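# Structural features, examined
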Amino acid sequence: MPEEPSGRDRLLTALKQPVSRGQVTVAALLAVVGFASVVQVQANDRDDDYAGTRQQDLVQLLDSLAAASERAELEIARLEQTRSSLRNDTNSNNAALEQARQQANVLSILAGTVPAVGSGVVVTVQDPTGGVGIDQLLNGLEELRDAGAEAIEINNSVRVVAQTSLSDGEGGVIIDDQQLAPPYVIEAIGEPHTLEQALDFTGGFIDEIEQRPVGGEVSVKQVDTVEIATVREPTEAEYAEPVEEE
Amino acid sequence: MIAGLGLLVGIFLGLLLQPDVPLWLEPYLPIAVVAALDAVFGALRAFLDGIFDDRVFVVSFLSNVLIAALIVYLGDKLGVGGQLSTGVVVVLGIRIFANVAAIRRHLLHA
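Here goes a summary of the coordinates provided.

## Focus: the overall build of chain A
Looking only at helices and strands, chain A features 6 helices and 8 strands. For chain A, buried positions account for 24% of its 246 residues. Across chain A, every contact between residues at least 6 apart in sequence was considered, and the portion connecting residues at least 24 apart equals 78%.

## Quick notes on the environment of phenylalanine 35 of chain A
Within the fold, phenylalanine 35 of chain A resides in helix α2 (residues 21-45). Among residues more than four places away in sequence, those in contact with phenylalanine 35 of chain A are Gly10, Leu13 and Gly14 of chain B.

## What about helix α2 (residues 29-49) of chain B?
For the α-helix, the turn length of 3.6 residues means that residues three or four positions removed from each other point alike. All names here are of chain B. An ideal rise of 1.5 Å per residue puts 30 Å on 21 residues; α2 measures up with 30 Å between its terminal C-alpha atoms. Buried residues dominate α2, accounting for 16 of its 21 residues. Phi turns positive, to about 80°, at glycine 50, one or two residues after α2.

## Details of the packing of helix α4 (residues 134-146) of chain A against helix α5 (residues 192-199) of chain A
Residue and element names in this part refer to chain A. Two elements in contact, α4 and α5, have axes separated by 8 Å at closest approach and are oriented at 140°. Of the two elements, α4 crosses α5, and the hand of that crossing is right-handed. Here α4 contributes Gly140, Glu143, Leu144 and Asp146 to the contact with α5, which in turn contributes Leu195, Ala198 and Leu199. For the contact of α4 with α5, the per-class residue count stands at 4 nonpolar, 1 polar and 2 charged.

## So, the nonpolar core
Counting residues in hydrophobic clusters, the biggest one holds 33 residues, and the most contacted among them are Leu30 of chain A together with Ile31, Ala32, Ala35 and Ala36 of chain B. At 12 residues, α2 of chain B tops the list of elements feeding residues into this core. Beyond its immediate chain neighbours, meaning those up to four positions away, isoleucine 31 of chain B contacts Ala68, Ala69, Val72, Ser85, Val88 and Val89 of chain B. Membership of the second largest hydrophobic core comes to 31 residues, among which are Val123, Ile206, Ile209 and Ile228 of chain A.

## Details of the sheet that holds strand β7 (residues 184-189) of chain A
Residue and element names in this part refer to chain A. Taking strand neighbours across the sheet as the criterion, the 5 strands line up as β3-β2-β7-β1-β8 in an open arrangement whose pairing is antiparallel. Edge strands, defined here as strands with exactly one partner in the open sheet, are β3 (158-160) and β8 (217-228). The average undirected angle you get between the axes of adjacent strands in this sheet is 25°. With 6 bridges connecting them, strand β1 (residues 116-126) and β7 associate as antiparallel partners. Looking across to β7, one finds that valine 121 is bridged to alanine 188. Contacting β2 (151-154), β3 and β7, α4 crosses the sheet at an angle of about 15° to β7.

Conventions adopted
- Residues numbered from 1 in each chain as written.
- Chains lettered and ligands numbered in written order.
- Predicted model: local features only at pLDDT ≥ 70, side-chain atom pairs only at ≥ 80, totals over all residues.
- Helix = DSSP H or I, 4+ residues; strand = E, 2+ residues; numbered from the N terminus.
- Buried ≥ 20, exposed ≤ 12 C-beta atoms within 10 Å, placed from the backbone.
- Contact = placed C-beta atoms within 7 Å.
- Expected span 1.5 Å × (residues − 1).
- Axes fitted to C-alpha atoms, helices over the stretch in contact; angles between N-to-C directions.
- Left-handed = near helix turned anticlockwise from the far one by under 90°.
- Nonpolar A, V, L, I, M, F, W, Y, C, P; charged D, E, K, R; others polar.
- Core = buried A, V, L, I, M, F, W, Y, C linked by C-beta atoms within 7 Å.
- Pairing = 2+ DSSP bridges.

Now the structure itself:
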């Protein structure tokens, strides 16, 4: 059996072979392949991605870019809307907060839960004969309130508010369960002149106390700074409930 | 020996000259290169099988390249250039793998 040369043998023989026509041809074609490959690889690396792309593909690329940018624009519009609505919310929240704070200030002064300071009057009622009772004091307090007194305190120990109660007691009056003795010092914050006017008219508070049968003495002093330090604990309403407004 | 040298010379020339690919050739060059590679591997296999003929090699090489380019050109005209190029590359890739497998069996006996 004649020995068939293996592929490996043939390759080795060919490598050792001198130049032949066939080899030159093959060499030429391989050179072309090598050249073309290298050129293509470099062209590809140089990477204008889009040079040499087909028209159809370019159109598709363009379409998808347009769609993407449209989506992005929609997203931007949506986000801007969200931002402006959030900003509005914040503004109105701030306004509401500010309003609530102001209201709380006003109400806490009215309810007497915080100390207050401001211009007003100091009314001192001397009662040498013991004739001053709650009738006269109540009258005075009403006049002060009528004249716009915003905070009232008696004898530096009782803050007069909506729930304040008065009754006559031994040797003085009882206000909010507290026994007070004359002289009564009523401090009120408000417009000083108006407050004084409110007490001083014919048949008014001063008149009533200084005339018989009461026979007391009243002095009213307008001051720039009335300090009201007494506070009340806020009380929870047990029975009354606010009616929800529609 | 000369064949191997030819390949090296080609690569060297490509690196040295760095020519720009003309625009009209751009879509066809990659396919042509793959087709040429297919022809080269086919030739190597034929050589190892002992049935190599340089005339056959030249003809198969040129026809491979031309037909590949033609198919892509036709595809472009029909509006399916991209898909057709992919198809050609797949087919040639399969052939190259088959040829390389045969070559491997010859050289490594495995």
